[in-house]
Amino acid sequence: MAHIHKEFLVDNSPESVWEALRDVGAVHRRLVPGFVTDTRMEADTRIVTFANGVVVHELIVDIDEAARRVAYAVVGGSMEPKHHHASMRVFADTEGRSRFVWTTDVTPDELAAPISEMVEQGARIMRETLKAAPGPAGR
């Protein structure tokens, strides 16, 4: 099983970053605009369309307010791993910044490279998008 781990700092408060992350139906607007072109919810499943044409069905496993953690698993779509589980967490860092941690476990191992590349691209866009995101009081 491949393990992909990505951590990065965001120049925004953990409250603001969490507000965007927990909005699981708005990934295409709040986290990675342009990289994800559409997101729609069907009950507890998020259907995500990426700019490269990949469409995945992600079961939202948990939205944990106290831990500021969203967990999801790919359960269908054009990329069909044998197993996929991912989580994203927001932690407070120094000087009002946030530390974003994205962890993914996937099989088969052949999917590690393309998923890792997507995580890298997503993290780059997320860092910039969340940096510009208004805080809860700025809505």
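Residues numbered from 1 in each chain as written. Predicted model: local features only at pLDDT ≥ 70, side-chain atom pairs only at ≥ 80, totals over all residues. Heavy atoms only, no water.

Draft legend 1. Here's a closer look at the pairing of strand β4 (residues 55-64). As paired strands, strand β3 (residues 45-50) and β4 are joined by 5 bridges and run antiparallel to one another. Directly across from Thr49, in β4, lies its bridge partner Val55. The antiparallel pairing of β3 with β4 creates a hairpin that spans 4 residues between the two strands, and Gly53 there sits at a positive phi of about 95°. Inspection of the sheet shows β4 paired to strand β5 (residues 69-77) by 8 bridges, in the antiparallel sense. Bridge pairing links His57 to Gly76 in β5. The antiparallel hairpin formed by β4 and β5 contains 4 residues in its connecting segment, where Arg68 sits at a positive phi of about 50°. (Pairing = 2+ DSSP bridges. Helix = DSSP H or I, 4+ residues; strand = E, 2+ residues; numbered from the N terminus.)

Draft legend 2. Just the pattern of salt bridges, in detail. A complete count under the given rule lists 10 salt bridges for this structure. A salt bridge links Arg68 to Glu15; the nearest nitrogen and oxygen atoms lie 3.6 Å apart. Pair noted here: Arg68 is in the loop between β4 and β5 and Glu15 is in helix α1 (residues 14-21), with a separation of 53 residues, a long-range link. Looking at Glu15, the relative accessible area reads 43%, which means it is partly exposed. One salt bridge connects Glu19 with Arg30, and the closest N-O pair in it is separated by 3.9 Å. In this pair, Glu19 is assigned in helix α1 and Arg30 in helix α2 (residues 27-30), connecting sequence segments 11 residues apart. (Salt bridge = Lys/Arg side-chain N within 4 Å of Asp/Glu carboxyl O. Buried < 20%, exposed > 50% of the residue type's maximum accessible area, 1.4 Å probe, protein only.)

In short, the description is geometric, and any link to function would need to be established separately.
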